[in-house]
Structure formats: C-alpha cells, structure tokens
Amino acid sequence: MKRREFLRNTTFTTAGSLLVPQFLKAYETQYSAPSTLNEKVVVIIQLSGGNDGLNTVVPFRNDIYYRERPSIAIKSTNVLRLNDDIGLNPALEKIKELYDNGLVSIINNVGYPNPDRSHFRSMDIWQTGSSASEYLSTGWIGRYLDAQCTGQSVKAAPHQALEIDDTLSLALKGKNLNGLALQNPEKLFSQTQNGFVKANSKLTPADDHENVAYLYKTLAETVSSAEYVYNKAQIHKSSKLYPTTELGKSLKTIAELITSGVSTRVYYVSLSGFDTHIRQNDQQDRLLRQYAEAVGVFVEDLKSTNRLDDVMIMTFSEFGRRVKQNASNGTDHGTANNVFVIGGPHRTKPVLSEAPDLTDLDNGDLKYKIDFRQIYSTLLDDWLKADSRLVLGQAFEPVRLFG
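Predicted model, so just to flag it, every value in this text is computed and none were measured.

(A) Structural context of the overall build of the chain. In terms of helices and strands, the chain carries 13 helices and twelve strands. Across the 403 residues in the chain, those meeting the buried criterion constitute 57%. Considering only residue pairs separated by 6 or more positions, the chain has 74% of its internal contacts joining residues 24 or more positions apart. Carbon and sulfur atoms make up 47% of the accessible area of the chain, which totals about 17,100 Å².

Listed below in structure tokens is the structure:
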C-alpha cells in the first residue's frame, strides 16, 4: 500500500475508529500494561455553553443580585442554603445531599486574567491550561499523559485518559500521546475488529515516512487500548438505576470502568446547552437537574463498590454569565464562575472563596480570585501524584480542595 493511499483511508486521529496491522503487535505490548503507581481517578464534567454561576450558587442575601436580575433571580425561599450567604439552585437537590455529607467543595470566583468571552477561545484556554495570551496545540490532560512517559518504567497509554464521546477534545491531546474517545467499550472494540482492519492487518507500509509512522503508532495504541478496555469492562456491570440522559449513561459507563479496574486516571465527559441568552431559568434548571441526578447516582454507585474515596469529580464551565440579566430573560457571556469538586475524602471546609463581591465588578462582570490552573495544579500534584510544572509549564499556588 502506498503512503498516500494509507493516509487517505485512515481517518482515526480524533476518534476511536481504527485499524492495526499485526506486525505492530510487538509495539503494543510495551504500552498495554496498566500502571500501578497510583489508583486515584479524576472525572471531569464540562458544562458547555457557559453556565450561569450566580444562579447555580446563589447569593440570596445580596440585594444587588435581586436588583440586577428582577425576573430570573432564584427566590431566597427556594434556595438550598449552604450558609448564611449562599445556597444552591433548587435543581441541585442531589448535590446538596452530597454537600451535607461532606463530599462537595465549592470554589467561587474561578477564572483567569484578561478573560475571553468567546465560547471557543475560552474553552481552549480551559482545555489547554494556558493563559489568555497563549495558543497551545496540546491539552493539559494530554500533557499529563506525555509527562507519565517520562522517567516511568511503565509507559502511559491512551486508555489512561478516556473521553466518553465520539470525538476527542483538545484537553486530551498531547504532543506524544493522545487520550481515547469512546461512546462505550463495546462500540470501540467492534470498530477495531471490522473487515477493513483485518484486510489491512498483514500489510506493511511502503516507506518509513514520519507521518506514516505516527499514524501507525496512533493506530496501534488505540487498538491496543480498545481491546484492553473492552476486556476489562466485562468484569463489573452496575446495578444502579441511572437517569436515561446522555450524562447518566456516560457516568454509568465510567463507574463500570472504574469498578472493573481499568487503569484510567482521567475521564472526561460533557453536558451541553448552558448558553442561556433567552428564557434562562427553565433551560438551566433542566440541565442542572440532569447534572445533579446523574452525579448523585454516580456517587452512590462508587460508594457501594468502595471506590468513592479514590475518585474526584471536577465540574467546570468555560465562563460564567454577566451579573445583569438581559432583555430576553437570559444572561450574556461573562467571566468568573464556580467550580465543584465532589468525591474523595470527607470535607472540613466545603466552601472555598466566598460569594462573589457584587459591589466590585469589572464593567459588569465578576472578578476572578482563583486561577483555574491552581485547581489543575492541586489535582495533578496532590491527587494524581504528577508534577504539575511539567504539565502546566509553571508552578501555581495550590488550593485546599479536599481533606
């Protein structure tokens, strides 16, 4: 097979639909062994569209909040109170239960200097872990995988970072190694076993061009990981009743993989639809309820299998919304937001960084007080036992997320 023909027929760099020639099996073996260095797991939930943080963690004592949002503010009588100043949106009842059990940390005022209000650009910043002035082609989780390849006797593999989706986000793309995207282990394994794969499995590339070598390397890594995840996933099937939403299904898949002992360190999943410019409350309430109910069962499931102490769930959105509501009973793109960290050990101080100061705004937007990379740094250093400086390019002051 000629190089151009191979490249034309192989479209696998962003998803898990791949093929692998048998002669690369020897290559796979060095990556297939699971790491035993650390069993801690991070599950990242991305709320896409820019979730409104002020109607998520509500400053129900603040008159400015009600003055600026006359028709969409959450009534104080409906708020699920966390302390004397802030409370949760009533749609987050399941999260409130977890909070009461010491399993939730809420970090307010999270953002970055010179915030960008573009969905695409701000998501790139969060996914790459860059500053607003940097344009990186690798994601922070991808660089975590790359870092695991440095100085380790057991090399990292794509399945050590899984995205439950059809396509791979920038966050999971590294320089030398990418994570893996899959809807479910059965589907990905089936895709790697199709006739096209078998027909080409005995072929040898016509030359050793660098791009072809990269494609074969990626292909080999993906097929190896697909087989590993599929075989491992047969070990445990959850008996919990998850919501039938996409997030519910995705978190069920993740719970089964964790409990089955798959050596994945980072899982990534998204819930879309938070761009609430028009008639915000109905849409946001529906999505927050989906989120809370799915996470509630997920935590219960992990607790029943004694894995909750090893799992940390981080929820973020690319930006918050402006303080003042717009004329369409919605909110427009803003800046700082809140981040939830759920799971792991019991909390003694669950609210970090108090409610946003609505008297000190930046042209109508909230000011950030905690750089989101401080949270990444803490998860990398204290939870995953990685070197955050290798991943983020510099040291950030840690945040006390748990314990």
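There's more to say after this.
(B) Focus on the layout of surface pockets. Of the voids in this model, the largest pocket is the one considered here, and its volume is about 220 Å³. Surrounding the largest pocket, K94, E97, L98, N101, L103, E293, G296, V297, V299, E300 and K303 form its lining. Taken together, the elements giving at least two residues each to the lining of the largest pocket come down to α4 (93–100) and α11 (280–304). Here the lining of the largest pocket gets six residues from one element, more than from any other, and that element is α11. For the lining of the largest pocket, the residue count by class is four nonpolar, two polar and five charged.

(C) Main features of empty space enclosed by the protein. This model, assessed by the stated rule, comprises six cavities of 30 Å³ or more. Taken as a whole, the second largest cavity spans an internal volume of roughly 80 Å³. Taken together, L47, N51, T56, L92, L288, Y291, T315, F316, S317, N337, N338 and F340 make up the lining of the second largest cavity. At the level of secondary structure, the elements contributing two or more residues to the lining of the second largest cavity comprise α11, β9 (311–317) and β10 (337–343).

(D) Fine view of the sheet that holds strand β2 (residues 57–58). Ordered in space as β2-β4-β3, the three strands form an open sheet in which the pairing is antiparallel. Because the sheet does not close on itself, it has two edges, and the strands there are β2 and β3 (80–81). As defined by bridge partners, β2 adjoins strand β4 (residues 87–88) across two bridges and the pair is classed as antiparallel. Bridge pairing links V58 to G87 in β4.

(E) How the structure looks around the side chain of H333. Within the secondary structure layout, H333 lies in the loop between β9 and β10. Taking relative accessible area as the criterion, H333 reaches 17% and is therefore assigned buried. Setting aside its immediate chain neighbours within four residues, H333 contacts R117, H119, D275, H277, F319, G320, R321, R322 and D365.

(F) The environment of R347, seen in detail. Relative to the elements of secondary structure, R347 occurs in the loop between β10 and β11 (351–352). Owing to a relative accessible area of 4%, R347 belongs among the buried residues under this scheme. Measuring from C-alpha to C-alpha, the distance between R347 and Y99 comes to 8.8 Å, with 248 residues separating the pair along the chain.

(G) Geometry of the environment of I44. Note that I44 resides in strand β1 (residues 41–47). For I44 and V269, which are 225 residues apart along the polypeptide, the C-alpha to C-alpha distance reads 6.3 Å. For I44, the residues in contact, after removing those within four places along its chain, are W140, I141, V266, Y267, Y268, V269, M314 and F316.

(H) Inspection of the pattern of salt bridges at higher detail. Considering all chains together, one arrives at 16 salt bridges under this definition. D52 is the salt-bridge partner of R69, the closest N and O atoms lying 2.5 Å from each other. Of this pair, R69 sits in the loop between α3 (63–68) and β3 while D52 sits in the loop between β1 and β2, and the two are 17 residues apart along the sequence. For R69, a relative accessible area of 0% translates into the label buried. Two residues, D365 and R322, come together in a salt bridge whose shortest N-O distance is 3.2 Å. Of this pair, D365 sits in the loop between β11 and β12 (370–371) while R322 sits in the loop between β9 and β10, and the two are 43 residues apart along the sequence. Of the residues examined, D365 reaches a relative accessible area of 1% and is grouped as buried.

(I) Examining the packing of aromatic side chains more closely. Counting across every chain of the model gives eight aromatic pairs. Summarising the aromatic geometry, the rings of W126 and F372 are spaced 4.5 Å apart at their centres and angled 25 degrees between planes, so their arrangement reads as stacked. Of this pair, W126 sits in helix α5 (residues 119–128) while F372 sits in helix α12 (residues 372–383), placing them 246 residues apart in sequence. Assessed through its relative accessible area of 1%, F372 is described here as buried. When the centroid spacing of 4.2 Å and the interplanar angle of 0 degrees are considered together, the rings of F189 and Y230 count as stacked. With F189 in helix α7 (residues 185–191) and Y230 in helix α9 (residues 210–233), the pair connects residues that are 41 residues apart, well separated along the chain. Three or more aromatic residues joined by ring pairs form one cluster here, namely Y112, W126, W140, F316, F372 and Y376. Directly above the ring of Y135 sits R121, whose terminal nitrogen or CZ lies 3.8 Å from the centroid.

(J) Highlighting α12. With twelve residues, α12 should reach 16 Å at 1.5 Å per residue; the first-to-last C-alpha distance of 16 Å fits that figure. The element α12 is extensively covered by neighbouring structure, given that ten of its twelve residues are classed as buried. Within α12, burial applies to F372, R373, Q374, I375, Y376, S377, T378, L379, L380 and W383. Near the N-terminus of α12, the side chain that reaches the backbone nitrogen of R373, with its oxygen 2.8 Å away, is that of D371.

Rules and cut-offs
Residues numbered from 1 in each chain as written. Predicted model: local features only at pLDDT ≥ 70, side-chain atom pairs only at ≥ 80, totals over all residues. Heavy atoms only, no water. Helix = DSSP H or I, 4+ residues; strand = E, 2+ residues; numbered from the N terminus. Buried < 20%, exposed > 50% of the residue type's maximum accessible area, 1.4 Å probe, protein only. Contact = heavy atoms within 4.5 Å. Areas by Shrake-Rupley, 256 points an atom, 1.4 Å probe, with all protein chains shown as cover. 1 Å grid on protein atoms, 1.4 Å probe; cavity = no way out; pocket = protein on both sides within 12 Å on 5 of 7 lines; lining within 4 Å. Points joined across faces, edges and corners; volume = space filled by probe spheres on them. Nonpolar A, V, L, I, M, F, W, Y, C, P; charged D, E, K, R; others polar. Pairing = 2+ DSSP bridges. Salt bridge = Lys/Arg side-chain N within 4 Å of Asp/Glu carboxyl O. Phe/Tyr/Trp six-rings, centres within 6.5 Å; stacked < 30°, edge-to-face > 60°. Lys NZ or Arg CZ within 6 Å of the ring centre and 35° of its normal. Expected span 1.5 Å × (residues − 1). Polar contact = N/O pair within 3.5 Å; in protein donor to acceptor, adjacent residues only side chain to side chain.

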